[in-house]
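Each chain, written out:
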Amino acid sequence: MSATDDEKLLARVKAAAAMILDEYLTCESGHDSALYIEELKAPRLNPHLIKKMLTVAMDKSEKDQDMAAGLISVLCVRGTLEPEDVEAGVELLLSSLKDLVIDVPKATTYTARFMAHFLEDKILPESMLASVKDLAGADVGPEVIKSIGEMLSLPLPVTQIKSKVKEIIEEFYVAGDLVEAERSLAELNSKRSGHEAVKRTIVLAMEKKNRERERASVLLSAMTRVYGSEQFFEGFTRVMRSLDDLSLDTPNAPALLANFIARAIVDDVLPPNFISFVPDRLVASERGKEVAGSVKALLEQHSSTRIMNVWGAGAKNSVEELKESVNALVEEYFVEGELKEAVRCVQELDAPHFGHEIVKKIVYKGAEGGSSKMPRAIDLLKALVRDGAVSSSQLAKGMVRSVVGLKDLSLDVPDASSNVDAFVAELVKDGMLAETFKAHVAAMKGALQ
């Protein structure tokens, strides 16, 4: 590549850096940012891309600066950038600092803020502090170092978020109040808290017993009402990235993480192909291979119900008790026909995370009874959603589980497939399921054949 071509590519990378940052500040999609960078096909220029992102962020608000630093951390977790890229990018930034302060008087403070963030997130080595003075110059270098020291003892916003999240999760393991934990996490009102909450939930549960691990899986499912898919992807990926350290205190950490991933996939917290999106370098490691292999084995060799009970005897009692209660109330409803009583019983279970199991049980009971029981089953589903005893997301999840289990049900109930279709059609007609759910069911049936 000629010098002219190099200059053109560098100019394109710098222009893309500004666009990527502005897009992220608007949409907060680390996935899209990673795709844009990969499309540039210029990994050797990643340090220049990082420097440009940080200089562009200097003209923005403090919140946007934190988000810019957060984006670079996210891209490192995803494997789009390497910590070495960040170090080289920060070196470029420091080398240009004397010129930057002419146009941005607070450039030294902003640079220190970025570096403190990266140090806190462990994507910048502490050893780099020794070269700050040489890179930035005797005039501004000492000021940067002093500011970093002050910021690291503040604590930083990222440190505050980590501390608050840890407090919420630890309280949840003590009190077991799912609603309160969900509310407290939502009140943090920070996208950044998402991946930290996911990671902290798993890491803390690894140190506990299976009963708390079951609670952790239930909490992760509840978090889908607070955080988007990217926060879950980044949270689980960060745990994979920390496996070597975690294994020092918890030797079976890879096996535990595999259980969490498989359970999250069954709970629709993670997509079935989650492992394929994890950075190759993480999956290729010894412990990464162990996790990926265990997840594949769990999903291929065990049913969804078995994976729902992945935490075994330590958590089985609570799950089994709920299932027994659900079975009893559904059986009683189809015998007595008391709609209000059935809704009240579901509400008294106080297990919003278990709504999908209730839905599946009602659907299968109605499908087994055919035309004599299906109207009664549909009435109960509608009443449960209308009265808030079962959420819309749990209704959809329960219907998905009903479709997934059709193969087994059809052995005893030949009309099971058409009966479930009738349930879906009625719920779509009443606006309780999206119109697109019909196509989703058809696609699932095709995939399961």
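One can find the structure itself at the top, above this paragraph.
Residues numbered from 1 in each chain as written. Predicted model: local features only at pLDDT ≥ 70, side-chain atom pairs only at ≥ 80, totals over all residues. Heavy atoms only, no water.

## A closer look at the overall build of the chain
Alright, step 1. Across its full length, the chain holds 28 helices and 0 strands.
Alright, step 2. C-alpha extents for the chain along the principal axes are approximately 85 × 50 × 40 Å.
Alright, step 3. Long-range contacts, defined as pairs at least 24 residues apart, comprise 75% of the intrachain contacts of the chain with a sequence gap of at least 6.
Alright, step 4. A total accessible area of about 21200 Å² is found for the chain, and carbon and sulfur atoms account for 49% of it.
Alright, step 5. In the chain, the 55 positive side-chain charges and the 70 negative ones have mean positions that sit 1 Å from each other. (Helix = DSSP H or I, 4+ residues; strand = E, 2+ residues; numbered from the N terminus. Contact = heavy atoms within 4.5 Å. Areas by Shrake-Rupley, 256 points an atom, 1.4 Å probe, with all protein chains shown as cover. Lys, Arg positive; Asp, Glu negative; His and termini not counted. Charge placed at Lys NZ, Arg CZ, Asp CG, Glu CD.)

## A short note on the packing of helix α12 (residues 192-206) against helix α14 (residues 229-241)
Alright, step 1. Two numbers describe how α12 lies on α14: the axes approach to 7 Å, and their chain directions differ by 40°. If you check the angle between α12 and α14, you find them oblique. For the pair α12 and α14, the sense of crossing is right-handed. Across the interface between the two elements, G194, H195, V198, K199, I202, V203 and M206 from α12 touch Q231, F232, E234, G235, F236, R238 and V239 from α14.
Alright, step 2. A breakdown of the residues in the contact of α12 with α14 according to their chemical character gives 7 nonpolar, 4 polar and 3 charged. (Axes fitted to C-alpha atoms, helices over the stretch in contact; angles between N-to-C directions. Parallel < 35°, antiparallel > 145°, perpendicular 65-115°, else oblique. Left-handed = near helix turned anticlockwise from the far one by under 90°. Nonpolar A, V, L, I, M, F, W, Y, C, P; charged D, E, K, R; others polar.)

## Some thoughts on the packing of helix α22 (residues 339-349) against helix α24 (residues 374-386)
Alright, step 1. Axis separation between α22 and α24 bottoms out at 10 Å; the angle between their running directions is 50°. Considering the angle they form, α22 stands oblique to α24. Seen from above, α22 lies across α24 with right-handed handedness. Packed against α22, whose contacting residues are L339, A342, V343 and V346, the element α24 presents D379, L380, A383 and L384 at the interface.
Alright, step 2. Looking at the contact of α22 with α24 residue by residue, the class counts come to 7 nonpolar, no polar and 1 charged.

## Notes on the environment of S29
Alright, step 1. Positionally, S29 belongs in the loop between α1 (3-27) and α2 (30-40).
Alright, step 2. The exposure class assigned to S29 is buried, which follows from its relative accessible area of 12%.
Alright, step 3. In this structure the C-alpha to C-alpha distance between S29 and E230, which are 201 residues apart in sequence, comes to 7.4 Å.
Alright, step 4. Discounting residues that sit within four places of it in the chain, S29 has contacts with Y24 and E230.
Alright, step 5. Reaching out from S29, the side chain makes a polar contact with the side chain of E230 at a distance of 2.8 Å. (Buried < 20%, exposed > 50% of the residue type's maximum accessible area, 1.4 Å probe, protein only. Polar contact = N/O pair within 3.5 Å; in protein donor to acceptor, adjacent residues only side chain to side chain.)

## Some details on the pattern of salt bridges
Alright, step 1. A full pass over the atoms with the stated rule returns 24 salt bridges.
Alright, step 2. Two residues, E120 and K162, come together in a salt bridge whose shortest N-O distance is 3.9 Å. Of the two residues, E120 sits in helix α7 (residues 107-120) while K162 sits in helix α10 (residues 157-175), which places them 42 residues apart along the sequence.
Alright, step 3. Because the salt bridges share partners, they merge into one network encompassing K382, E426, K429 and D430. (Salt bridge = Lys/Arg side-chain N within 4 Å of Asp/Glu carboxyl O.)

## Examining the environment of H31
Alright, step 1. With respect to the element layout, H31 can be found in helix α2.
Alright, step 2. Residue H31 is classed as partly exposed on the basis of its relative accessible area, which comes to 35%.
Alright, step 3. When sequence neighbours within four positions are dropped, the list of residues in contact with H31 reads R78 and E230.

## Observations regarding the nonpolar core
Alright, step 1. Core analysis: the largest hydrophobic core is formed by 54 residues, its most contacted members being I72, V86, L94, F114 and F118.
Alright, step 2. Grouped together as the second largest cluster of nonpolar side chains are 49 residues, I161, I169, L178 and I202 included. (Core = buried A, V, L, I, M, F, W, Y, C linked by side-chain atoms within 4.5 Å.)

## What to know about a negative patch on the surface
Alright, step 1. A grouping of E167, E170, E171, D177, E207 and D249 is seen on the molecular surface, where their side chains present a negatively charged patch.
Alright, step 2. If one sorts the elements of the negative patch by residue count, α10 sits on top with 3 residues.
Alright, step 3. Relative to the helices and strands, E171 resides in helix α10.
Alright, step 4. Overall, E171 belongs to the partly exposed group, its relative accessible area being 48%. (Patch = residues over 30% accessible without salt bridge, like charges linked within 9 Å, V, L, I, M, F, W, Y side chains within 5 Å.)

## Here we look at α22
Because each turn of an α-helix spans 3.6 residues, side chains separated by three or four positions in sequence point in the same direction.
Alright, step 1. Among all positions in α22, only A342, V343, C345 and V346 are buried. Projected onto a plane normal to the axis of α22, the buried residues spread over an arc of 160° and lie on a single side. Opposite the buried face of α22, at more than 90 degrees from it, the exposed residues are K340 and E348. (Arc of directions from axis to C-beta.)

## Focus: α10
Alright, step 1. For α10, which comprises 19 residues, the first-to-last C-alpha distance of 27 Å matches the rise-based estimate of 27 Å (1.5 Å per residue) to within 8%.
Alright, step 2. Within the sequence span of α10, burial applies to V158, I161, V165, I168, I169, F172 and Y173. Taken around the axis of α10, the buried residues stretch over an arc of 135°, which confines them to a single face. Summarising the geometry of α10, the exposed residues directed more than 90 degrees from the buried face are E167 and V174.
Alright, step 3. Of the surrounding secondary structure, the elements contacted by the buried residues of α10 are α7, α11 (178-188), α12 and α13 (210-222).
Alright, step 4. Residue G176 follows α10 closely and has a positive phi angle near 70°. (Expected span 1.5 Å × (residues − 1).)

## Comments concerning unusual backbone geometry
Alright, step 1. Unusually for a residue other than glycine, K41 sits at a positive phi of about 50°.
Alright, step 2. Tracing the backbone shows K41 in the loop between α2 and α3 (46-57).
Alright, step 3. Positioned with a positive phi, D268 is a non-glycine residue whose angle comes to about 65°.
Alright, step 4. Looking at the secondary structure, you find D268 in the loop between α16 (253-266) and α17 (274-277).

## Thoughts on the packing of aromatic side chains
Alright, step 1. Counted by the stated rule, this structure contains 5 aromatic pairs.
Alright, step 2. Measuring from ring centre to ring centre gives 6.0 Å for F236 and F274, while their planes differ by 70°; the resulting arrangement is edge-to-face. Linking F236 in helix α14 with F274 in helix α17, this pair joins segments that are 38 residues apart in sequence.
Alright, step 3. For the ring pair F260 and W311, a centre distance of 4.6 Å and an interplane angle of 55° mean the geometry is tilted. On the criterion of sequence distance, the pair formed by F260 in helix α16 and W311 in the loop between α20 (304-308) and α21 (313-336) is long-range, its members being 51 residues apart. Pair check on accessibility: F260 and W311 agree, each one buried.
Alright, step 4. In textbook terms, an aromatic cluster arises when at least three aromatic residues are bridged by ring pairs, as seen for F233, F236 and F274. (Phe/Tyr/Trp six-rings, centres within 6.5 Å; stacked < 30°, edge-to-face > 60°.)

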